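Structural characterization, general
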Amino acid sequence: MHYDALTTACMAAELRERLSGGRVQGVLLPDEHSLGLEVYARGERRQLLLVAAPDAARVLLVEHKLRRGVEGDTPLLLLLRKYLRDGVLTAVTQPDPYERVLHLAFAHKEHGPTTLVVELIGRRPNLLLLRPDGRILECLHRHPAGEKVERVLLPGRLYTPPPPQAKLPPLDDGQL
């Protein structure tokens, strides 16, 4: 399945329409590269699957109930359960219309606001949970310094978005 910036924009619009204002009832890891959220919105339970697998990153609303596939609780899963479960999805945005990045904003009555960043980019897709000040609480795939990475992604570090691609915008017809 080809997942580009236009597909990401369409998915953001669908998530806004179907899930905005919904309450997160469940959080699980179906596999080591995926996150599943059960969101109760507009009188229905919906299953949101966020996949950050290399060369197969995507966001999907699925019809079937997601099942847990990872043994044991990871630090990311524990934090997602703390900050997202019983929280409300307040916004779904695509900060740059030419990138495959989504921001899912949540508000929790006890723990306050957080943002789940879904990066669906290339060979290093990722899911990151951010505090309101933009610091990383945890991420699915950590990228420490010295690993030939463009940016360091570790808990406690300030989140920086992926560098822009050296490509023409998809809506550019080449004429000025």
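Residues numbered from 1 in each chain as written. Predicted model: local features only at pLDDT ≥ 70, side-chain atom pairs only at ≥ 80, totals over all residues. Heavy atoms only, no water.

**Here's the deal with the pairing of strand β4 (residues 58-62)**
As judged from the five bridges shared by strand β3 (residues 44-51) and β4, these two strands associate in the antiparallel manner. Residue pairing for β4: Leu48 is matched across the bridge by Leu61. Where β3 folds back onto β4 in an antiparallel hairpin, the turn is made up of six residues, including Asp55, whose phi is positive at roughly 65°. (Pairing = 2+ DSSP bridges. Helix = DSSP H or I, 4+ residues; strand = E, 2+ residues; numbered from the N terminus.)

**Some points on the environment of Leu104**
Note that Leu104 resides in strand β6 (residues 101-108). Exposure remark for Leu104: the relative accessible area of 2% places this residue in the buried category. Put simply, Leu104 and Leu129 are 25 residues apart on the chain and 9.5 Å apart in space, counted from C-alpha to C-alpha. (Buried < 20%, exposed > 50% of the residue type's maximum accessible area, 1.4 Å probe, protein only.)

**Here we look at helix α2 (residues 75-84)**
Taken together, the buried positions of α2 are Leu76, Leu77, Leu80, Arg81, Tyr83 and Leu84. Tucked into the core, α2 has its buried residues touching β1 (23-28), β2 (34-41), β6, β7 (112-119), β8 (126-130) and β9 (136-139). Backbone geometry just downstream of α2 places Asp86 in the positive-phi region, at approximately 70°. (Contact = heavy atoms within 4.5 Å.)

**Description of unusual backbone geometry**
The phi dihedral of Arg42 is positive, around 50°, even though this residue is not glycine. Tracing the backbone through its elements, the reader meets Arg42 in the loop between β2 and β3. Assessed through its relative accessible area of 54%, Arg42 is described here as exposed. A positive phi is found at Asp55, a non-glycine position, where the angle reads about 65°. Mapped onto the elements, Asp55 comes out in the loop between β3 and β4.

**Focus on the pattern of salt bridges**
The final tally for this structure, using the stated rule, is ten salt bridges. One salt bridge in this structure joins Arg18 and Glu14, with 3.5 Å as the shortest N-O distance. Here Glu14 and Arg18 lie together in helix α1 (residues 5-19), a separation of four residues that amounts to about one turn. Overlapping salt bridges bring together Glu38, Arg45 and Lys65 as one network. (Salt bridge = Lys/Arg side-chain N within 4 Å of Asp/Glu carboxyl O.)

**Brief notes about the pairing of β8**
In terms of burial, β8 is largely enclosed, as five of its five residues are buried. Along β8, one buried face is formed by Asn126, Leu128 and Leu130 and the opposite face, lined by Leu127 and Leu129, is buried too. Pairing analysis gives five bridges linking β7 to β8, with the strands arranged antiparallel. From the neighbouring strand, Val117 faces β8, where its bridge partner is Leu128. Here β7 hands over to β8 after six residues, with Gly122 in that stretch at a positive phi of 50°. Pairing analysis gives three bridges linking β8 to β9, with the strands arranged antiparallel. Considered in β9, the bridge of Leu128 is made with Cys139.

**Side note on the environment of Gly22**
Examined against the element boundaries, Gly22 turns out to sit in the loop between α1 and β1. Residue Gly22 is classed as buried on the basis of its relative accessible area, which comes to 0%.

**So, α1**
The terminal C-alpha atoms of α1 lie 20 Å apart, and with 15 residues this matches the ideal 21 Å at 1.5 Å per residue to within 8%. Listed as buried for α1 are Ala5, Thr8, Met11, Ala12, Leu15 and Leu19. Down the axis of α1, the buried set is contained in an arc of 110°. They therefore lie on one face. For α1, the exposed residues lying more than 90 degrees away from the buried face are Cys10 and Glu17. Buried residues along α1 sit in contact with β2, β3, β4, β5 (88-93) and β6. (Expected span 1.5 Å × (residues − 1). Arc of directions from axis to C-beta.)

Worth remembering: the numbers are spatial, not functional.
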